[in-house]
Amino acid sequence: MATCNKRGGVFRHLPRAVALLMVGAAAIAAAQDRPESLLPPGFGQPAAQPSVRPSPRSTPRAAPGAAVGAVPAATPTPASTPVRADPVGALIESLSTPIPTPTPSPTPTMDAATLAEYELPVSARRSLAVVGPSGPREGALDQSIFAGADGRVAEILMRRLSAPLPSRWTSILLRRALATHMMTPRGVNGADFAAERAWLLLRMGEAEVARAVVQSVDPRNYTPKLYQVAMNALLASSDPAGLCPLADRGSAVTGLNGYRLAQGWCAALTGDGARATATVRQIRRQGGAEDFDLKLAEKLMGAGSARKAVSVDWSGADRLTVWRFGLVTATGVTVPPEYLSYVGPQVRGWLATSASVPATERAGVIDQAASMGVLSNAALVDFYSALVDDDQASRAQSAIGNDLRNAYAAADEGQRLSAIRSLWGDEARTPYGRLILTARAAARLPVMSDGREADGLVASMLSAGLDRSAARWREAVKRDSDAWAMIVLSDPDRQGPLGYDQVTGYSADALKQRMFFAGLAGLGRLSRADIEKGAEALDVRVGQRNAWTEALDQAVADEQTGMVVLLCAVGMQTGDWRGVPPQALYRIVEALRSVGLDTDARMIAAEAIART
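What counts as what
Residues numbered from 1 in each chain as written. Predicted model: local features only at pLDDT ≥ 70, side-chain atom pairs only at ≥ 80, totals over all residues. Heavy atoms only, no water. Helix = DSSP H or I, 4+ residues; strand = E, 2+ residues; numbered from the N terminus. Buried < 20%, exposed > 50% of the residue type's maximum accessible area, 1.4 Å probe, protein only. Contact = heavy atoms within 4.5 Å. Areas by Shrake-Rupley, 256 points an atom, 1.4 Å probe, with all protein chains shown as cover. pLDDT = per-residue confidence, 0-100. Phe/Tyr/Trp six-rings, centres within 6.5 Å; stacked < 30°, edge-to-face > 60°. Expected span 1.5 Å × (residues − 1). Polar contact = N/O pair within 3.5 Å; in protein donor to acceptor, adjacent residues only side chain to side chain. Arc of directions from axis to C-beta. Disulfide = S-S within 2.5 Å. Salt bridge = Lys/Arg side-chain N within 4 Å of Asp/Glu carboxyl O. Axes fitted to C-alpha atoms, helices over the stretch in contact; angles between N-to-C directions. Parallel < 35°, antiparallel > 145°, perpendicular 65-115°, else oblique. Left-handed = near helix turned anticlockwise from the far one by under 90°. Nonpolar A, V, L, I, M, F, W, Y, C, P; charged D, E, K, R; others polar. Core = buried A, V, L, I, M, F, W, Y, C linked by side-chain atoms within 4.5 Å.

Visitor: Mind laying out the overall build of the protein chain, listing which residues take part and the relevant values?
Guide: Broken down by element type, the protein chain carries 33 helices and 2 strands. Going through the 612 residues of the protein chain one by one, you find that 57% of them count as buried. Sequence-distant contacts, at least 24 apart, represent 69% of the contacts inside the protein chain between residues at least 6 apart. Total accessible area on the protein chain is roughly 25200 Å²; 50% of this is exposed by carbon and sulfur atoms.

If you want it as structure tokens, here you go:
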């Protein structure tokens, strides 16, 4: 703990709960079987350093895509192959540093006549006391999920959270929480809190939801932080035109070249081509942006005009940025695959949900986006079904659509099962995205007495939350198989505890056995004596106390569902499921069940078996 004590001065001005989490990070990391930390960088340990970064110019200048602060542009490489970025991806560097200030800057005055023309009537204005796009009817949570919580603590947790998460179901729950039409917690501005929510959603790959969150605040209530994050959200969702209501005031408040150029293309959309051309000329003369980025802006401004057609040469771009992603996808330019190979997985979520990108180009990232929780089973089925009739689809892409059709509608169950197997592929471990794709086709199969393919079929059904469909197989599956374990964890109608002997009889994989025990204990499906016996025998320290568990317990006691969801996500700061400690799974499942999120708890526990 000496390292944490040396840093104590940094924590003096933070809320006590956040300081405790930071100081306790070393204890949580030490409790893991693998080196990944449960808490994000900054909570008691330095952030990971990027492996290679582009060389900066001798005289740095801001690129227009640097929506969050002025990030120096990189020197283009002479070759067309992009410079390898850090593991998270250079695309969201502007979302990382510097942290935007939550303090509103002075805004320019506007004459009364102009103001009256654009001012919303009082009845149409939205309050900052309750902000967000979705309610329980749309699948979000209750608006009081942060009632009583310190908003400053929640903001810091969101800002420090590393995403995407290894768990699809935890990501889905976190998205539902962040999208909620919620009461703004104490201590923060509603617009700034919306910015933090959108920022985290972007890092999760949820560009469309991030855009909905920033647009749930009236432009008259925007703060500098929200202006900065809003630009990233609108560009990540391929919607540069969405900047038009924000461009004038955004340029005045932030001074970002991105908003100045947005003024230009918004003028072009209204027919004022002269102003658009003058804007680009002025920024080019001032040296405020890379020539490649200005050409993208010119292409957007000239969209639909043959006289102003602009060709895009990727040899002038050293890497992908938010700016470049937003403008090329909005104008129909293809992002070269080599540029996508160096960015973080969240970018594939953005690409998968961009309606302006042809389906054939999205096909390569669609399964990964589903595995991250960005796309549902229904969205995935719709996507592949449409490829069958797409003239631009490759033979392999059309074959997936044909197999999917057979998986649902072939003449007999043998043919349907064969089509499902074909979709799963020949790999030793079926890609999780393909299990999601076949979920409802698997649920339509009759229960087979011999339990054929039961492990895969049950995992597939549960990837889409079809718990009762999976439970139909409880008598057919082999006892102590993965399918049996997943059904035991996910069955909503199961009554009474299991015996400890059923835990010890499951799985030759030691980690899976520990995860199974942790899930059962967290769901309350083992007696207290068996929990104590298993914790000692399997070395799953369910009684471990540290800053994270104390914060989680306090959030549960205060019935602060939003804080519980955030802290559960904090407990999954690792690259994949095998890095999640079983004791963390126990705490997460128990906490979610305690605040009424029983379904989510069961799905996360079952996912641990399917993906470990």
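Visitor: Please set out the confidence of the model for the protein chain residue by residue, giving values where relevant.
Guide: Chain-level pLDDT for the protein chain is 82 on average; 79% of the residues reach the 70-or-more range. Under a pLDDT of 50 for its full length, residues 1-15 has, in the predicted model, 17 contacts with residues more than four places off or in other chains. Low pLDDT, under 50, characterises residues 22-81; the predicted model gives this stretch 153 contacts beyond four residues in sequence or across chains.

Visitor: For the packing of aromatic side chains, give the residues involved together with the corresponding values.
Guide: Counted by the stated rule, this structure contains 11 aromatic pairs. With 6.4 Å between their ring centres and 45 degrees between their planes, Trp484 and Tyr506 make a pair best called tilted. One end of the pair, Trp484, is in helix 26 (residues 482-490); the other, Tyr506, is in the loop between helix 27 (500-504) and helix 28 (510-522), and 22 residues separate them in sequence. Tyr506 shares its class with Trp484; the two are buried.

Visitor: Give me the lowdown on the environment of Arg203, citing residues and values where you can.
Guide: By the secondary structure assignment, Arg203 is in helix 7 (residues 190-203). Along the chain, Arg203 and Gln346 lie 143 residues apart, while their C-alpha atoms are 5.8 Å from each other.

Visitor: Tell me what's going on with helix 28, and back it up with residues and numbers.
Guide: Taking 1.5 Å of rise per residue, the 13 residues of helix 28 would be expected to cover 18 Å, and the 18 Å separating its terminal C-alpha atoms lies within 8% of that figure. Within helix 28, 12 of the 13 residues are buried, leaving the element largely enclosed by the surrounding structure. Along helix 28, the residues classified as buried are Leu511, Lys512, Gln513, Arg514, Met515, Phe516, Phe517, Ala518, Gly519, Leu520, Ala521 and Gly522. Of the surrounding elements, those touching the buried residues of helix 28 are helix 26, helix 27, helix 29 (528-537), helix 32 (582-594) and helix 33 (598-611). Its side-chain oxygen 2.9 Å from the backbone nitrogen of Leu511, Asp509 forms the N-cap of helix 28. Just downstream of helix 28 lies Gly524, where phi reads positive at about 75 degrees.

Visitor: Go over helix 29 with me, naming the residues and quoting the values.
Guide: Side chains three or four residues apart in an α-helix point the same way, a direct result of the helix having 3.6 residues per turn. Turning to helix 29, its buried residues number three or more, namely Asp530, Ile531, Gly534 and Ala535. All buried residues of helix 29 project into a common sector of 135 degrees when viewed along the axis, lining one side. Projecting away from the buried face of helix 29 at angles above 90 degrees are the exposed residues Ala529, Glu532, Glu536 and Ala537. In this structure, the buried residues of helix 29 make contact with helix 27 and helix 28.

Visitor: Give a detailed account of unusual backbone geometry, specifying residues and quantitative values.
Guide: Cis geometry is found at the peptide bond from Ala163 to Pro164, where omega equals 5 degrees. Relative to the assigned elements, Pro164 resides in the loop between helix 5 (151-160) and helix 6 (168-178). Positive phi is not limited to glycine here, since Ser238 has a value of about 55 degrees. Looking at the element boundaries, Ser238 is found in the loop between helix 9 (224-236) and helix 10 (247-254). Even without being a glycine, Glu559 presents a positive backbone phi close to 55 degrees. Here Glu559 is to be found in the loop between helix 30 (547-557) and helix 31 (561-570). A relative accessible area of 64% means that Glu559 is categorised as exposed.

Visitor: Outline the environment of Thr270, listing residues and values.
Guide: Mapped onto the secondary structure, Thr270 falls in the loop between helix 11 (257-269) and helix 12 (273-286). Among the polar contacts made by the side chain of Thr270, one reaches the main-chain carbonyl oxygen of Ala267 at a distance of 2.8 Å.

Visitor: Which residues make up the state of the cysteines, and what are the values?
Guide: Defined simply, a disulfide is a covalent bond joining two cysteines at their sulfur atoms. On inspection of all chains with the given rule, the structure shows 1 disulfide. Each sulfur of the disulfide joining Cys244 and Cys266 lies 2.0 Å from the other. Taking the sign of the torsion about the S-S bond as the criterion, the disulfide between Cys244 and Cys266, at about -95 degrees, is left-handed. Taken together, the residues span a long stretch of sequence, with Cys244 in the loop between helix 9 and helix 10 and Cys266 in helix 11 at a distance of 22 residues.

Visitor: So what's going on with the pattern of salt bridges? Residues and values would help.
Guide: For the structure on display, the rule yields 28 salt bridges. Among the ionic pairs, Glu196 bridges to Arg159, the shortest N-O distance being 2.6 Å. In this pair, Glu196 is assigned in helix 7 and Arg159 in helix 5, connecting sequence segments 37 residues apart. By relative accessible area, which is 1% here, Glu196 ends up buried.

Visitor: Tell me what's going on with the packing of helix 32 against helix 33, and back it up with residues and numbers.
Guide: Their axes nearest at 7 Å, the elements helix 32 and helix 33 cross at an angle of 160 degrees. Put simply, helix 32 runs roughly antiparallel to helix 33. With respect to the hand of their crossing, helix 32 and helix 33 are arranged in left-handed fashion. Counting all contacts with helix 32, which are made through Leu585, Val589, Leu592 and Arg593, the residues of helix 33 involved are Asp598, Ala601, Ile604, Ala605 and Ala608. Residue classes in the contact of helix 32 with helix 33 are distributed as 7 nonpolar, no polar and 2 charged.

Visitor: Provide a residue-level description of the environment of Ala147, including the pertinent values.
Guide: Its place among the elements puts Ala147 in the loop between strand 1 (130-131) and helix 5. A C-alpha to C-alpha distance of 9.6 Å links Ala147 and Met563, two positions 416 residues apart in sequence. Setting aside its immediate chain neighbours within four residues, Ala147 contacts Met183 and Gln560.

Visitor: Residues and numbers for the nonpolar core, please.
Guide: Core analysis: the biggest nonpolar cluster contains 186 residues, and Leu174, Trp265 and Phe516 have the highest contact counts within it. Ignoring any residue separated from it by four or fewer positions in sequence, one finds Phe516 in contact with Trp484, Ala485, Val488, Leu489, Gln502, Val503, Tyr506 and Ile609.

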